[in-house]
Amino acid sequence: MRPVPTWPPMPPGGAPVAFPRRRAASQIALWWLMGVIGMLFALMLVAYVMRMSQSDWRALPPVNALWFNTGVLAAACIVMQSSNAQARRGELRRSRRDWALAGALALAFVAGQLWVWRDLVAHRYDVAGNPANSFFFLLTGLHGLHLLGGVAAWALLASHRMTHAARARRLSLTAQYWHFLFVLWVVLFAAIVNLTPEIAQRLCGAGP
């Protein structure tokens, strides 16, 4: 039987991890990635507002489960940041515990979003029923896919071949990406909840 991968044993007393002063290439690459993703969703939000201003737009009913899912994602980011801070201080055992909990919460968010999809389809708000339905599935689906990418980066931290310093650096990058996706979700959620066809028509200059 193959041994279960575990994190390296914690050094006696825990040793803070020193990060290089110069920006690593991986940090710059992450900023570029977040910039590209941010621009993609910004353009999609512009298309969302423009399409909403048309007369055939039929808004979805309030989806209260999204509030719960948002809370779950916020908790995942808070716990992930805690794991990141503990890894920097060399408290690897606590960092590992929070790392596992953060991943479970992120997966719970994805499961919650899938439940919302299933509930909408069960009430005949399928993806092809109306432009509002299509945009909802598109925006939430793309965000979910990007979050699954963050979960994949989280899962790679389970490898037992990395040094403490390498793990702490990658954990920091993963936490930054998760925080970015949380902010992105808050923007999307606010647009879904607050924007109305009347507001969209005013923004597009098509109002009375």
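Participant: I would appreciate a short explanation of the confidence of the model for the chain in the present structure.
Facilitator: Averaged over all residues, the pLDDT of the chain is 88; the fraction at 70 or higher stands at 88%. The spread of mean pLDDT over the elements of the chain runs between helix α6 (residues 197-203), the lowest at 86, and helix α2 (residues 65-88), the highest at 96.

Participant: What is the right way to read the layout of surface pockets from this model?
Facilitator: Sizing a probe to match a water molecule and rolling it over the atoms shows the empty space that remains. If you add up the space inside the largest pocket, you get close to 330 Å³. Around the largest pocket sit 21 residues that line it, and Leu60, Pro61, Pro62, Ile192 and Val193 are the ones nearest its centre. Only α1 (25-52), α2, α4 (131-156) and α5 (164-194) provide two or more residues apiece to the lining of the largest pocket. In terms of residue count, the dominant contributor to the lining of the largest pocket is α4 (4 residues). In terms of residue class, the lining of the largest pocket is made up of 19 nonpolar, 2 polar and no charged.

Participant: What's the story with α2 in this structure? I'm lost.
Facilitator: Given 3.6 residues to a turn, an α-helix orients residues that are three or four positions apart in the same direction. For α2, with 24 residues, the first-to-last C-alpha span of 35 Å sits near the 34 Å given by 1.5 Å per residue. One or two residues past the end of α2 sits Gly90, with phi positive at roughly 85°.

Participant: Whenever I open this one, α1 confuses me. Can you help?
Facilitator: The end-to-end C-alpha separation of α1 is 40 Å, in line with the 40 Å expected for 28 residues at 1.5 Å each. Within the span of α1, buried status applies to Gln27, Leu30, Met34, Ile37, Phe41, Met44, Leu45, Tyr48, Val49 and Met52. Buried positions along α1 lie against α4, α5 and α6.

Participant: Help me out: how do you make sense of the nonpolar core in this one?
Facilitator: Proteins that are soluble and globular tend to have nonpolar side chains buried together. One finds Tyr48, Tyr177 and Trp178 to be the most contacted residues of the largest nonpolar core, which totals 51 residues. Elements that contribute at least two residues to this core include exactly α1, α2, α3 (92-122), α4 and α5. By residue number, the principal contributor to this core is α5, which donates 14 residues. When neighbours within four sequence positions are excluded, Trp178 is seen to be in contact with Ala76, Cys77, Met80, Ala102, Gly103, Ala106, Gly150, Val151 and Trp154.

Participant: Please clarify how the environment of Ala75 should be interpreted in this entry.
Facilitator: Inspection of the secondary structure assignment puts Ala75 in helix α2. Judged by relative accessible area, Ala75 falls into the partly exposed class, the value being 27%. When the C-alpha atoms of Ala75 and Ala102 are compared, they prove to be 7.7 Å apart, with 27 residues separating the residues in sequence.

Participant: Whenever I open this one, the packing of α3 against α4 confuses me. Can you help?
Facilitator: Two numbers describe a pair of packed helices, the interaxial angle and the distance between the axes. It is at 11 Å that the axes of α3 and α4 come closest, and there the two elements cross at 160°. One finds that α3 runs roughly antiparallel with respect to α4. As for how α3 packs across α4, the hand of that crossing is left-handed. Each of Trp99, Ala100, Gly103, Ala106, Leu107, Phe109, Val110, Gln113, Val116, Trp117, Leu120 and Val121 in α3 lies in contact with α4, whose residues at this interface are Phe136, Phe137, Thr140, Gly141, His143, Leu147, Leu148, Val151 and Trp154.

Cut-offs and rules
Residues numbered from 1 in each chain as written. Predicted model: local features only at pLDDT ≥ 70, side-chain atom pairs only at ≥ 80, totals over all residues. Heavy atoms only, no water. pLDDT = per-residue confidence, 0-100. Helix = DSSP H or I, 4+ residues; strand = E, 2+ residues; numbered from the N terminus. 1 Å grid on protein atoms, 1.4 Å probe; cavity = no way out; pocket = protein on both sides within 12 Å on 5 of 7 lines; lining within 4 Å. Points joined across faces, edges and corners; volume = space filled by probe spheres on them. Nonpolar A, V, L, I, M, F, W, Y, C, P; charged D, E, K, R; others polar. Expected span 1.5 Å × (residues − 1). Buried < 20%, exposed > 50% of the residue type's maximum accessible area, 1.4 Å probe, protein only. Contact = heavy atoms within 4.5 Å. Core = buried A, V, L, I, M, F, W, Y, C linked by side-chain atoms within 4.5 Å. Axes fitted to C-alpha atoms, helices over the stretch in contact; angles between N-to-C directions. Parallel < 35°, antiparallel > 145°, perpendicular 65-115°, else oblique. Left-handed = near helix turned anticlockwise from the far one by under 90°.

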